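Structural overview
Single-letter residue listing:
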Amino acid sequence: MSGAPRLLLRAEGAGLLIVAGMLYGETGAAWWLFAVLFLAPDLSFLGYLAGPRAGAIAYNAAHSLVAPLALAIAGLLLPAIPPLALALIWIAHIGFDRLLGYGLKYQAGFGFTHLGRIGKAAMPPPAGG
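For clarity, every value in this text was computed on a predicted model and none was experimentally measured.

Calculation criteria
Residues numbered from 1 in each chain as written. Predicted model: local features only at pLDDT ≥ 70, side-chain atom pairs only at ≥ 80, totals over all residues. Heavy atoms only, no water. Core = buried A, V, L, I, M, F, W, Y, C linked by side-chain atoms within 4.5 Å. Buried < 20%, exposed > 50% of the residue type's maximum accessible area, 1.4 Å probe, protein only. Helix = DSSP H or I, 4+ residues; strand = E, 2+ residues; numbered from the N terminus. Contact = heavy atoms within 4.5 Å. Phe/Tyr/Trp six-rings, centres within 6.5 Å; stacked < 30°, edge-to-face > 60°. Lys NZ or Arg CZ within 6 Å of the ring centre and 35° of its normal. Axes fitted to C-alpha atoms, helices over the stretch in contact; angles between N-to-C directions. Nonpolar A, V, L, I, M, F, W, Y, C, P; charged D, E, K, R; others polar.

1. Structural notes on the nonpolar core
Formed by 13 residues in total, the largest nonpolar core has its most connected members in Ala20, Tyr24, Phe34, Leu88 and Ala92. Secondary structure elements with two or more residues in this core: α1 (3-27) and α5 (81-100). Looking at this core element by element, the count peaks at seven residues for α5. Ignoring anything within four residues of it in the chain, the contact list for Ala20 reads Leu88, Ile91 and Ala92.

So this is what it looks like as structure tokens:
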């Protein structure tokens, strides 16, 4: 992925990060909680210990907006600050990952994402093979 689509997707990630962070500030929840839990979705990497298929499923479950948006809606409907605050931290993390170019994973391996290849998967094969 390159060019304008890449920039647009990364800008969307930045927008998610900024808006979720601003809304989190409005909840009155402690910023130390934000700092402690910001990288929690990355615990899903442990799924890769069971192989690339399990890793992709675990990573995608923790890095899709479906669950944190459902949690945010529950927090708004109850109304309850803890679920809303957790959802906003989660959404901010997803936005940060998208800003950095980390997308949802394919079963081919960690480096194959919906935003394009990353890491070793993005490198061209060596010349003279």
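Following the structure, the description resumes.
2. Focus on the packing of aromatic side chains
Each aromatic ring pair is described using two quantities: the centre-to-centre distance and the angle formed by the ring planes. Applying the stated criterion across every chain, the model contains six aromatic pairs. For Lys105, the ring lying beneath its charged end belongs to Tyr59, and the centroid distance is 4.5 Å.

3. Let's talk about the packing of helix α3 (residues 52-63) against α5
Contact geometry of α3 with α5 gives a least axis separation of 9 Å together with a crossing angle of 115°. Contact residues: Tyr59, Ala61, Ala62 and His63 in α3; Trp90, His93, Ile94, Asp97 and Arg98 in α5. Broken down by class, the residue content of the contact of α3 with α5 amounts to five nonpolar, two polar and two charged.

4. Points about the environment of Phe34
Along the chain, Phe34 falls in helix α2 (residues 31-37). With 13 residues separating them in the primary sequence, Phe34 and Gly21 have C-alpha atoms 8.9 Å apart. Phe34 has contacts with Tyr24, Ile89 and Ala92, leaving out every residue within four places of it along the chain.

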